[in-house]
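Here's the letter readout for the chains.
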Amino acid sequence: MPLAVMPEKPAPTVAIIGLGLIGGSLALALREAGEAGELLGCDKQADAVAEGIARRVIDRALQSPREALAQADIIVLCVPTMAAADLLADLTQEAARTGSSAIITDVASVKGGLEARMLAQHGCVPPRVVLGHPIAGSERSGVGAARGGLFRDHLTILTPAENTDADALADVSHLWRAAGASVVCMAVSTHDRVLAATSHLPHVLAYCLVDTLARSPHGDDVFRFAAGGFRDFTRIASSDPVMWRDVALANRGALLEAIDDFAQHLITLRAAIDAGDGDALLQTFTAAKTARDSFSALQATRGRS
Ligand SMILES: NC(=O)C1=CN([C@@H]2O[C@H](COP(=O)(O)OP(=O)(O)OC[C@H]3O[C@@H](n4cnc5c(N)ncnc54)[C@H](O)[C@@H]3O)[C@@H](O)[C@H]2O)C=CC1
Ligand SMILES: O=C(O)C(=O)Cc1ccc(O)cc1
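Residues numbered from 1 in each chain as written. Chains lettered and ligands numbered in written order. Predicted model: local features only at pLDDT ≥ 70, side-chain atom pairs only at ≥ 80, totals over all residues. Heavy atoms only, no water.

In the annotation of an unreviewed UniProt entry, the entry for the chain reads prephenate dehydrogenase, and the organism field reads Chromatocurvus halotolerans. The record in UniProt for the chain states the following under Pathway (unreviewed entry): "Amino-acid biosynthesis; L-tyrosine biosynthesis; (4-hydroxyphenyl)pyruvate from prephenate (NAD(+) route): step 1/1." (UniProt positions renumbered as here; feature names shortened; annotations may be inferred.)

Shown next as structure tokens:
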């Protein structure tokens, strides 16, 4: 058939399981892009669903995640990491039983536990499962914080396996591009190691710093006199504690390595301060400034400030 008269693939029906910051933002982005057919939603909290309907984030509520297997082309699990593993296990088992060909993908911040669950359950990650992770978000939670532009000019990482269906990978990639993101593929182990260093460690450090100061007898004064630097460094300590407990436990190995590397460097820096070794301090601070400036330049080329 000549290309010009090829029928266009209809926009997929997308089911969002977990109507929070990420699920709500993805639904809004797809609606704004006109790239979803019907948008279905499901959440264990009834008020999240009610708000999702009221704000036209979704078109229709599902009573349970399993209903999505028969009604959606693409199911996106947008729940905390541990809940995502349980849902993925249940939905893939049910899909095998019913013969559903729905594509299942997710947004969880750690991929290793989900992959391991699939290997234990099915011996492989099923061909219609494409694990993913948008590298965009905020310290806020819930559908009330959702916005359609959240993923614009950000990356989404997908971690396809050797047996992943090519059309499932293409459809999930298309979904994220429609939401404004650029898609990159990598191995699950690479994803978890890189994100441990760039995302999970900074969150642990921010929580740890704020908690250390809050516990100090002078905590009230410290916060009263804190400036912009403190605010910038610690914004992410306002993130959801349950989500970050899940992330820390799910990425235990890679996160411990990142913490150990950091702790070693901090001890070296402490020794330089103790010894009055200004040259060592200058060397570290200069190298860090150069690296941070390059990061800012990279962000600027991607349209972010
Ligand atoms: N917050 C962020 O900046 C980012 C978060 N992520 C990942 O996205 C996922 C969702 O995070 P957020 O949207 O921030 O969380 P959120 O707390 O805003 O939303 C999660 C929603 O899932 C619902 N939920 C929990 N368990 C459920 C279950 N078993 N069935 C149905 N609904 C359930 C909750 O009621 C809540 O409405 C997490 O896995 C997180 O690691 C990924 C990128 C960025
Ligand atoms: O608030 C921020 O700046 C974040 O770092 C958002 C974020 C949180 C979790 C992720 O898995 C990815 C991005």
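Sheet architecture is open: six strands sit in the order S3-S2-S1-S4-S5-S6, paired in parallel fashion. The sheet is open, and its two edges are formed by strand S3 (60-61) and strand S6 (129-130), each paired on a single side. Against the sheet, helix H6 (residues 166-178) makes contact with strand S1 (14-17), strand S4 (74-77), strand S5 (103-106) and S6, and its axis sits at roughly 50° relative to S5, the strand it touches most. (Pairing = 2+ DSSP bridges. Helix = DSSP H or I, 4+ residues; strand = E, 2+ residues; numbered from the N terminus. Contact = heavy atoms within 4.5 Å. Axes fitted to C-alpha atoms, helices over the stretch in contact; angles between N-to-C directions.)

Before going further, it helps to examine the UniProt feature "domain: Prephenate/arogenate dehydrogenase" (unreviewed entry) in the chain. The positions UniProt marks with the feature "domain: Prephenate/arogenate dehydrogenase" (unreviewed entry) are residues 12-303. Between the C-alpha atoms that bound residues 12-303 there is a distance of 29 Å. The span itself is 57% helix and 11% strand.

Enumeration according to the criterion identifies one aromatic pair in this entry. Geometrically, the ring pair formed by Phe151 and Trp176 is edge-to-face, given 5.1 Å between the ring centres and 85° between the ring planes. In this pair, Phe151 is assigned in the loop between strand S7 (132-134) and strand S8 (155-158) and Trp176 in helix H6, connecting sequence segments 25 residues apart. Relative accessible area serves as the criterion here: at 1%, Phe151 is assigned to the buried category. (Phe/Tyr/Trp six-rings, centres within 6.5 Å; stacked < 30°, edge-to-face > 60°. Buried < 20%, exposed > 50% of the residue type's maximum accessible area, 1.4 Å probe, protein only.)

Picture the strands of a sheet paired through backbone hydrogen bonds; they go either parallel or antiparallel. Read from one edge to the other, the open sheet built from three strands follows the order S7-S8-S9, with strand pairing classed as mixed. Whereas interior strands pair on both sides, the edge strands pair on one side only; in this sheet they are S7 and strand S9 (182-185). Within the sheet, the average angular offset between the axes of one strand and its neighbour, ignoring direction, is 20°. Sheet topology note: the S8/S9 ladder contains four bridges and is parallel. Following the sheet pairing, Thr156 is matched in S9 by Val183. Relative to the sheet, H6 contacts S7, S8 and S9, its axis offset from that of S8 by approximately 165°.

This part covers the layout of surface pockets. Each pocket or cavity is described by its volume, and for the second largest pocket that value is around 390 Å³. For the lining of the second largest pocket, the element with the highest residue contribution is H6, accounting for four residues. Tallied by class, residues from the lining of the second largest pocket come to ten nonpolar, three polar and six charged. (1 Å grid on protein atoms, 1.4 Å probe; cavity = no way out; pocket = protein on both sides within 12 Å on 5 of 7 lines; lining within 4 Å. Points joined across faces, edges and corners; volume = space filled by probe spheres on them. Nonpolar A, V, L, I, M, F, W, Y, C, P; charged D, E, K, R; others polar.)

Looking now at the site of ligand 1. Neighbouring residues of ligand 1: 24 residues in total, closest Ile22, Asp43, Val79, Ser109 and Gly142. Here an oxygen atom of ligand 1 and a side-chain polar atom of Gln45 are 2.9 Å apart. Contact distances for ligand 1 include 3.5 Å between an oxygen atom and a backbone N or O atom of Thr81. With the chains in place, 88% of the 820 Å² that ligand 1 exposes on its own is no longer accessible. Elements with a minimum of two residues in the shell around ligand 1: helix H1 (21-33), helix H4 (81-98) and S7. Looking at side-chain class alone, the shell around ligand 1 contains twelve nonpolar, ten polar and two charged residues. (Near = heavy atom within 4 Å. Polar contact = N/O pair within 3.5 Å; in protein donor to acceptor, adjacent residues only side chain to side chain. Areas by Shrake-Rupley, 256 points an atom, 1.4 Å probe, with all protein chains shown as cover.)

Where H1 contacts H6, the two axes come as close as 8 Å, and the packing angle between them is 80°. Between H1 and H6, the interaxial angle falls into the category roughly perpendicular. The residues of H6 that touch H1, namely those facing Leu26, Ala29, Leu30 and Ala33, are Leu175, Trp176 and Ala178. Among the residues forming the contact of H1 with H6, the class breakdown is seven nonpolar, no polar and no charged. (Parallel < 35°, antiparallel > 145°, perpendicular 65-115°, else oblique.)

Right, let's talk about the domain arrangement of the chain for a bit. Considered domain by domain, the chain is made up of domain 1 (3-186) and domain 2 (192-274). Computed from C-alpha atoms alone, the centre-to-centre distance between domain 1 and domain 2 is 30 Å. Listed by partner, the interface residues are 13 residues for domain 1 and 14 residues for domain 2. Taken over both partners, the interface formed by domain 1 and domain 2 buries close to 1,100 Å², and the fraction arising from carbon and sulfur atoms is 64%. Looking only at domain 1, the three residues that lose the most surface to domain 2 are Met82, Val110 and Glu139, adding up to 49% of its buried area. At the junction of domain 1 with domain 2, the criterion picks out one salt bridge. Seen at the junction of domain 1 and domain 2, the total is four residue pairs in polar contact (both at pLDDT 80 or more). Taken together, the residues that form the side of domain 1 that touches domain 2 break down as five nonpolar, six polar and two charged. (Domains from an automatic or database assignment. Buried area = accessible area lost by both parts, 1.4 Å probe. Salt bridge = Lys/Arg side-chain N within 4 Å of Asp/Glu carboxyl O.)

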